[in-house]
Amino acid sequence: MCGIVAVIGSREAAPLLLEGLRQLEYRGYDSAGLATVKSLEGEDVGTLTCKRAKGKLKNLSSLVSNQAAPGHLGIGHTRWATHGKPEECNAHPHRDSSGRIAVVQNGIIENHRALRKELEAAGVIFTSETDTEVIPHLIARELKPFLIRGASASGAVLLEAVQKVSKQLKGAFALAVVWADTPDALVVASRQAPLVIGLGEGEFLCASDTPALVGFTRTILPMEDGEVALLTPLGIELYNAKGTRQQRIPSLLRGGDHLVDKRNFRHFMLKEIHEQPETAELWVERHLPAGLPVESPVALPFDESFYSGIERIQILACGTSRHSAMVGAYLLEQFAGVPTSVFYASEFRYAAPPLAPNTLTIGVTQSGETADTLAALRMEAQRRDEHGDPAFASRQLGVTNRPESSLSRLVPNILDIGAGIEVGVAATKTFLAQMLAFYGLALTFAARRKSRSSDEIRELTEGLRSVPNQLRTLVQTHDELSESLAHRFADTQDVIFLGRGINYPIALEGALKLKEISYIHAEGYPAGEMKHGPIALLDPRVPVISIAMPGVVFEKVLSNAQEAKARDAQLIGVAPEAPGTEIFDALMPLPEVSEWISPLLSVVPMQLLSYHIAAHRGLDVDQPRNLAKSVTVE
Ligand code: G6P
């Protein structure tokens, strides 16, 4: 988690750092800070200024506008607290005892306790509870012999010290380091945590993610695992973990990586919900172009070898991505007939099932950076490589909205969901796009395995083509409807979401959305399970939101809803205006579509209702407390 940004160039660093951090605030917003280094004219030695503020970036911005942070070299950080509370003392940058070395870090230093003990025994006094603070002290320790020898400070000296310190650190991290003695050197390092160098005009930048760079340059150089780089006003020196100099050609950022903008919407989340018809339309254009044969009904970027011999699929993901994976697993099993399991990536890492042959492992992560998902994929590839039998060989696919992310450097095949940058911490349009990716895969597997007739394949394909327009109507009507329903939730403390079959993951997603942004306790259940426990919670104060779409479980869901009504719960139905749905106290109507298609529509009222409840309560919808969009720690 956390976002870091760094710059070295010819203009004042602080405004660039603040703008870069603004684009990275989705990675954490517990505190923010920056350090700049100014070269004093006529003297060798620079001045390091450090500013830090608890809370959101705006607090740091007002601090910096009142108290200058001069210099053309600087590092900045926006924090999601892991070690130590969100207090100013724990905000980055952290400095060594002399205050001349400053470090920002994203990740976790796993051996920080042992290192801290060692440093404390040598007399170092720590001023924070963070794991990061060991780094400036370790760098200072490495630089000491140079200084004692009277050697002159240089970027090369700082680089060597950071390389040595990196070797002492365990864990995954990205860091940026400045030293007041070298105002013309910025050192950055990346180990299993994202860091992208930007090559601007007369300046070099470095950031955890590309949105922080696009305002300044589109020429980028993503750092690879274990690399350390020295950036000076003259150029970049890039070294791998063994210290060998690397030469790589920079790439150009794609057009879609634009600066984030709310347009006329009150929040990014609302804008992103409203973008969903367009997301679906783009997906249909790209993947369901006219004229595809029924044996290959979806345009996907894979050749024959990708599919051949796959007997089962396992999907690893976290949070909302796991819910899309559950819809995907339903489609892959029930529509395409491929046995499929879904795992929490964080659980899979330490309790993976015994290896099965001919298995495709799919990692789903909108950011492509979720540490647990990446680690689970890495672990799975490794144990399969070690197995040796070709039938057990690792076959992996990554489903992501960020094809340039760390995920793409880990797995050989990427399915880009192409939803465009999502800023709201609560995922909405990327959830829809992830589900669509699974429709594409399920249709393809069904056609290849002939597990569905041509008519069934055609029917689902045609159904998908209608989704963008259906979404367009839904988003408009449900925006108003949800806003009017939201006031009913003013004093609500618990909400139950019910769904069954393909809509069970949507009930989970509805509950997650509400929890994330409105802080109301919510649970999603398979409707048939309610009588085995959750029904005890029901009384007139507990709304039950029930997804009831015509199909195999329609009548069952209505009976489950009836059971809730008999306990005086307030019943809200997400269902078509069909016979039987009059039992609901309020109806959020959906068009009568095939059950297969329904999750793509039923999720919209969930998102809008959560949004309006949170907005009605005056909460910070886009940056809910304690969360971050990209969780790069385990
Ligand atoms: C965080 C976010 C969630 C997201 C999850 C997985 O917890 O707050 O919204 O679903 O990470 O993120 P990923 O990038 O892997 O999809």
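To be clear, the structure that these remarks concern was listed above.
Since this is a predicted model, take the numbers as computed values, not measurements.

Criteria and thresholds
Residues numbered from 1 in each chain as written. Predicted model: local features only at pLDDT ≥ 70, side-chain atom pairs only at ≥ 80, totals over all residues. Heavy atoms only, no water. Helix = DSSP H or I, 4+ residues; strand = E, 2+ residues; numbered from the N terminus. Buried < 20%, exposed > 50% of the residue type's maximum accessible area, 1.4 Å probe, protein only. Contact = heavy atoms within 4.5 Å. Areas by Shrake-Rupley, 256 points an atom, 1.4 Å probe, with all protein chains shown as cover. Phe/Tyr/Trp six-rings, centres within 6.5 Å; stacked < 30°, edge-to-face > 60°. Pairing = 2+ DSSP bridges. Axes fitted to C-alpha atoms, helices over the stretch in contact; angles between N-to-C directions.

### Some thoughts on the overall build of the chain
Okay, so step 1: Across its full length, the chain holds 17 helices and 25 strands.
Okay, so step 2: Taken along the three principal axes of its C-alpha coordinates, the chain extends 85 × 55 × 45 Å.
Okay, so step 3: Burial statistics for the chain: of 634 residues in total, 59% are counted as buried.
Okay, so step 4: Within the chain, residue pairs in contact and separated by at least 24 positions form 72% of the contacts whose partners lie at least 6 positions apart.
Okay, so step 5: Carbon and sulfur atoms make up 50% of the accessible area of the chain, which amounts to about 24200 Å² in all.

### Points about the packing of aromatic side chains
Okay, so step 1: Scanning all chains against the criterion turns up seven aromatic pairs.
Okay, so step 2: Centre to centre, the rings of Tyr 307 and Phe 445 are 5.7 Å apart; their planes meet at 75°, and the pair counts as edge-to-face. Taken together, the residues Tyr 307 in helix α8 (residues 304–307) and Phe 445 in helix α13 (residues 429–449) connect sequence positions 138 residues apart. Here Tyr 307 matches Phe 445 in class, with each residue buried.

### Side note on the sheet that holds strand β20 (residues 413–416)
Picture the strands of a sheet paired through backbone hydrogen bonds; they go either parallel or antiparallel.
Okay, so step 1: Spatially, five strands are ordered β17-β16-β18-β19-β20 in an open sheet, and the strand pairing comes out parallel. With one partner strand each, in any of the chains shown, β17 (340–344) and β20 form the two edges of the open sheet. The average undirected angle you get between the axes of adjacent strands in this sheet is 20°.
Okay, so step 2: Examined bridge by bridge, strand β16 (residues 312–317) and β17 share five bridges and lie parallel to one another.

### Some points on unusual backbone geometry
Most peptide bonds take the trans configuration, and most residues that are not glycine carry a negative phi.
Okay, so step 1: Here the residue pair His 92 and Pro 93 is connected by a cis peptide bond, since its omega of -5° sits within 30 degrees of zero.
Okay, so step 2: With respect to the helices and strands, the residue Pro 93 is situated in the loop between β4 (73–79) and β5 (94–95).
Okay, so step 3: Of note, the phi angle at Asp 568 is positive, near 65°, even though the residue is not glycine.
Okay, so step 4: Mapped onto the fold, Asp 568 is located in the loop between α16 (554–565) and β24 (570–575).
Okay, so step 5: We classify Asp 568 as exposed; its relative accessible area is 52%.
Okay, so step 6: One non-glycine residue, Asn 626, adopts positive backbone phi at about 65°.

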